[in-house]
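Descriptive structure summary
Read off the chains here:
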Amino acid sequence: MIKNYFEVSALPEGRSSSDFLWKPENLDLKYNNVDFPTDVLLHLNNIRRGLEITCFGTVSTIIETKCVRCLDVFPIELAEKIDFAVRLIAGAPINSQLWYEDIVRVDPASGKIDISPRVRDAVLLGVPTHPLCKPDCKGLCPICGANLNHGDCGHTKEKQEKQIDPRWEKLKQLLENKNQQGG
Ligand SMILES: [Zn+2]
Ligand SMILES: [Zn+2]
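These figures come from a predicted structure and were not determined experimentally.

How each quantity is defined
Residues numbered from 1 in each chain as written. Chains lettered and ligands numbered in written order. Predicted model: local features only at pLDDT ≥ 70, side-chain atom pairs only at ≥ 80, totals over all residues. Helix = DSSP H or I, 4+ residues; strand = E, 2+ residues; numbered from the N terminus. Buried ≥ 20, exposed ≤ 12 C-beta atoms within 10 Å, placed from the backbone. Contact = placed C-beta atoms within 7 Å. Arc of directions from axis to C-beta.

Our next topic: the overall build of the protein chain. The number of helices and strands found in the protein chain is 3 helices and 9 strands. Moving toward the C terminus, one meets the helices and strands of the protein chain in the order β-β-β-β-β-β-β-β-β-α-α-α. When burial is assessed residue by residue, the protein chain has 16% of its 183 residues classed as buried. Long-range contacts, defined as pairs at least 24 residues apart, comprise 51% of the intrachain contacts of the protein chain with a sequence gap of at least 6.

Here's what the structure looks like:
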């Protein structure tokens with residue numbers, strides 16, 4: 001059962017916790033080169049003092065994305081912090097949506113908050129813009145395209161020994177010309 005709404009008015013006084021679960025398709029998660037193969041979980045800790053409620057917790061899921069260096073698909077575990085405060089005010093909306101507001105105003109009688117927009121944003125903000133399968137990913141061979149993490153194809157050493165970076169070559173020429181002109 002998908003629970004989008006957080007029934008804040010039903011929370012007990014003091015400390016409590018709430019858990020929510022979404023199928024990725026129900027959060028409409030879309031991102032270039034990223035798959036969302038697992039459920040999205042939200043664990044919230046709540047502290048209620050009368051009409052004021054503070055909520056903080058973690059959104060977690062596993063995404064699959066492509067390494068920018070070697071193009072291998074690999075999983076990343078996301079754990080994104082989320083926090084907000086709720087103020088129960090008579091006459092406030094019965095259903096509120098949680099976006100970027102710090103304080104959500106809800107009616108105390110049957111107040112509910114749709115937390116899915118914030119959860120969706122938390123997941124999407126957690127997607128790295130430059131994903132690397134490991135910090136020292138060796139990438140692809142520029143000559144044969146082999147994934148160098150899986151072994152050495154023999155091209156890399158050869159290239160380093162024989163070729164000077166063309167940019168340095170140009171700089172060397174410029175410096176030589178300058179020396180000739182000045183001297
Ligand atoms: Zn990689
Ligand atoms: Zn190669």
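Once the structure has been displayed, the description carries forward.
Checked against the element boundaries, K138 lands in the loop between helix 1 (116–126) and helix 2 (155–162). Separated by 10 residues in sequence, K138 and L148 place their C-alpha atoms 5.5 Å apart. When near neighbours in sequence (up to four residues on either side) are disregarded, K138 contacts L148 and N149.

So, on to helix 1. Within the span of helix 1, buried status applies to S116, R118, V119, A122 and V123. Buried residues along helix 1 cover an arc of 165 degrees about the axis, so they all sit on one side.

These values are about where atoms sit, not about what they do.
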